[in-house]
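Each chain, letter by letter, is given below.
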Amino acid sequence: MPTFQRGHTTIAYTDTGAPAGREDAPVVLFAHGLLFSGWMFQHQIAALRERFRCVTIDFRGQGESPRALGGYDMDTLTVDVAELLRHLQIPVVNYVGLSMGGFVGMRLAARNPESVHTLALLDTAATAEEPANRSKYKTLAKVYRVAGIKPLRSRVAPIMLAQRNLEAPWVDEWMTMLERTDRAGLVKAIESVADRDPCEVEAGRIIAPTLVMVGAEDAATPPEKARRIIDLIPSARLHEIPGAGHSATMEAPEEVNALLLPFLEEHNT
């Protein structure tokens, strides 16, 4: 997996490259949610790569990106994404962010509007984390650091998935990936999400056409959080995805693709 350096920080990414015969194809940048990696967009990339250049980033301490010495806060991750685009010499992207990726995407679109052509937000929020959730996530992070993910599966999975998807075949693969992840780095990522600042004011400055999707059974950022985004971003439109929780790209890939592909084609003709 390719990487680039931002100071002392190594950040992993994937890049399908432009489709054959379409060197000027639009770029879609995928930014994952907490506890995942670019892997969670495999179904979207499969559906899009013949028409779009697809890039993913693994945030610090997650996926193939090792633990970083510096910060994990959303502002730092926003700069990481901007630096990846500079590294790849990509001036503008269609940004797709889920959960933590959405926290970053809203900041990027507000601060660098020239870089974000369209914005797709899944299972995310513009608000700070609820105090009760903040405490719960930090407690789970402490247990994870000592014991790993296996003893926490029954507590973590219902936060991330709808009830019907708790035993989906891909969940074991996801858990195996988490078991291999550097625990200290992932704990820092969890804490950064729990302690994140709200970005409601910045969201109100977003000018990119925006698609908001949320799993109807999302326990981590429920649909009312998505409706708040709709109130903040003038161009945004909202779709709830039945049967999905907080990881819609894996739980309901066909439904996500049926919304995402027409949105991207509408704005990239």
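None of these values were measured; they are calculated from a predicted model.

*Asks:* What should I look at first to understand the sheet that holds strand β6 (residues 116–122) in this one?
*Replies:* Strands pair in a sheet through their backbones, by hydrogen bonds, and they do so in one of two ways: parallel or antiparallel. What the eight strands build is an open sheet, ordered β1-β2-β4-β3-β5-β6-β7-β8; its pairing is mixed. Two strands lie at the open edges of the sheet, namely β1 (3–6) and β8 (237–241), each paired on one side alone. Shown here is a sheet whose adjacent strand axes are inclined to one another by a mean of 20 degrees, direction ignored. Inspection of the sheet shows strand β3 (residues 27–31) paired to strand β4 (residues 53–58) by five bridges, in the parallel sense. The residue of β4 that forms the bridge with Val27 is Arg53. Lying on the sheet, helix α2 (residues 74–87) is in contact with β1, β2 (9–15), β3, β4 and β5 (93–98); it crosses β1 at an angle near 120 degrees.

*Asks:* Would you explain the confidence of the model for the protein chain in this entry?
*Replies:* As a general rule, the predicted coordinates of low-pLDDT regions are not to be interpreted in detail. Of all residues in the protein chain, 100% attain a pLDDT of 70 or more, and the chain-wide mean is 97. Predicted confidence in the protein chain is weakest over helix α4 (residues 131–147), with a mean pLDDT of 95, and strongest over β3, with 99.

*Asks:* Can you walk me through empty space enclosed by the protein in this structure?
*Replies:* By rolling a water-sized probe across the atoms, one finds the places where empty space is left. Considering all chains together, one arrives at one cavity of 30 Å³ or more under this definition. Forming the walls of the largest cavity are 21 residues, and the residues nearest its centre are Leu34, Leu35, Tyr137, Ile159 and Met160. Within the residue set of the lining of the largest cavity, elements represented by two or more residues are α4, α5 (153–160) and α7 (183–194). The element best represented in the lining of the largest cavity is α4, accounting for four residues. A breakdown of the residues in the lining of the largest cavity according to their chemical character gives 16 nonpolar, three polar and two charged.

Each value, and the rule that gives it
- Residues numbered from 1 in each chain as written.
- Predicted model: local features only at pLDDT ≥ 70, side-chain atom pairs only at ≥ 80, totals over all residues.
- Heavy atoms only, no water.
- Pairing = 2+ DSSP bridges.
- Helix = DSSP H or I, 4+ residues; strand = E, 2+ residues; numbered from the N terminus.
- Axes fitted to C-alpha atoms, helices over the stretch in contact; angles between N-to-C directions.
- Contact = heavy atoms within 4.5 Å.
- pLDDT = per-residue confidence, 0-100.
- 1 Å grid on protein atoms, 1.4 Å probe; cavity = no way out; pocket = protein on both sides within 12 Å on 5 of 7 lines; lining within 4 Å.
- Points joined across faces, edges and corners; volume = space filled by probe spheres on them.
- Nonpolar A, V, L, I, M, F, W, Y, C, P; charged D, E, K, R; others polar.

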